Amino acid sequence: MKKIEAIVKPSKLSIVKDSLHEIGLSGMTVLDVKGFGRQRGKDGINDNEDYEDEFLAKTLIQLIVEDEQLDKAVKAIKNAAFSGKIGDGKIFISSIEQVIRIRTGEKGSDAV
């Protein structure tokens with residue numbers, strides 16, 4: 001199993017959610033977060049310009065998928081969140097050792 005964490009523009013959340021639903025994925029956690037990347041929240045960096053570090057509002061989407069669903073899920077997120085402009089976001093993928101559903105004790109795929 002894999003954990004996907006996608007940081008996207010808040011305005012793209014609904015489109016990303018719908019894209020994931022279209023491929024059969026519905027469980028996810030969504031958090032409002034703030035941050036900045038290389039451009040520090042600016043459209044471009046000008047060496048002659050002083051600027052203040054500002055944190056931009058972003059949305060963090062977390063979901064757990066089976067290994068065979070990973071490529072489809074990443075493609076759905078990437079296509080839905082894409083605008084072609086700075087700040088479209090990032091997708092992080094990590095391995096999950098185990099998932100346990102608290103209510104039933106189910107483990108692995110059954111718990112997802």
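Located above this text is the structure these notes cover.
Structural notes, computed from the coordinates. Please read all numbers here as calculations on a predicted model, not as lab measurements.

## A look at the side chain of Thr 59
For Thr 59, the position within the fold is in strand β3 (residues 56-65). Thr 59 sits in the buried class, given a relative accessible area of 1%. With sequence-adjacent residues up to four places away left out, Thr 59 is seen in contact with Ala 6, Ile 7, Val 8, Lys 9, Pro 10, Leu 13, Val 30, Leu 31, Asp 32 and Val 33.

## What about the environment of Gly 35?
When you line up the elements, Gly 35 lands in strand β2 (residues 29-35). By relative accessible area, which is 17% here, Gly 35 ends up buried. Along the primary structure Gly 35 and Glu 54 are separated by 19 residues, whereas in three dimensions their C-alpha atoms are 7.9 Å apart. Once residues within four sequence positions are removed from consideration, Gly 35 is found in contact with Glu 54, Phe 55 and Leu 56.

## Looking at helix α2 (residues 70-81)
Taking 1.5 Å of rise per residue, twelve residues should cover 16 Å, and α2 covers 16 Å from first to last C-alpha, within 8% of that figure. Listed as buried for α2 are Leu 70, Ala 73, Ala 76, Ile 77, Ala 80 and Ala 81. Looking down the long axis of α2, one finds its buried residues gathered within 135° of arc, a one-sided arrangement. Facing away from the buried surface of α2 by more than 90 degrees, the exposed residues are Asp 71, Lys 72, Lys 75, Lys 78 and Asn 79. Looking at the buried side of α2, the elements it contacts are β1 (2-8), α1 (13-22), β3 and β4 (89-95).

## Section: the nonpolar core
Counting residues in hydrophobic clusters, the biggest one holds 15 residues, and the most contacted among them are Ile 4, Val 16, Leu 20, Leu 63, Val 65 and Ile 77. Within the residue set of this core, elements represented by two or more residues are β1, α1, β3 and α2. The element contributing the most residues to this core is α2, with six residues. Filtering out sequence-adjacent residues up to four positions away, Leu 20 remains in contact with Leu 25, Met 28, Leu 63, Ala 73, Ala 76 and Ile 77.

## Side note on the sheet that holds β3
Pairing is antiparallel across the open sheet formed by four strands, whose spatial order is β2-β3-β1-β4. The open sheet has two free edges, formed respectively by β2 and β4, since each of these has just one partner strand. Strand-to-strand twist in this sheet, taken as the mean axis angle between neighbours without regard to direction, amounts to 20°. Sheet analysis places β1 next to β3, joined by seven bridges and oriented antiparallel. Residue Ile 7 lies in a different strand from β3, and its bridge partner there is Leu 60. Of the strands in this sheet, β1, β3 and β4 touch α2, which is tilted by about 5° from β1.

How each quantity is defined
Once a new chain begins, its residue numbering starts again from 1 and follows that chain's sequence as written. Where local features are concerned, this predicted model is filtered to residues with pLDDT of at least 70; where side-chain atom pairs are given and counted, the filter is 80 or more; whole-chain, interface and lining totals use all residues. Processing note: side-chain calculations cover all non-hydrogen atoms of the structure and skip hydrogens and water entirely. The secondary structure listing takes helices from DSSP runs of H or I that are at least 4 residues long and strands from runs of E that are at least 2 residues long, numbered from the N terminus. Think of it in three bands: residues with accessible area under 20% of the maximum for their type are buried, residues over 50% are exposed, and the middle band is partly exposed, with areas taken using a 1.4 Å probe on protein chains only. Two residues form a contact once any of their heavy atoms are found within 4.5 Å. To estimate the expected span of a helix, subtract one from its residue number and multiply by 1.5 Å. Starting at the helix axis, one direction is taken to each C-beta atom, and the arc is that of these directions. Nonpolar cores are built from buried Ala, Val, Leu, Ile, Met, Phe, Trp, Tyr and Cys residues. Side-chain atoms within 4.5 Å join them into one set. Whether two strands pair comes down to DSSP finding at least two bridges between them. Every angle, taken between N-to-C directions, lies between 0 and 180 degrees, and every axis is a line fitted to C-alpha atoms, over only the stretch in contact when it is a helix.

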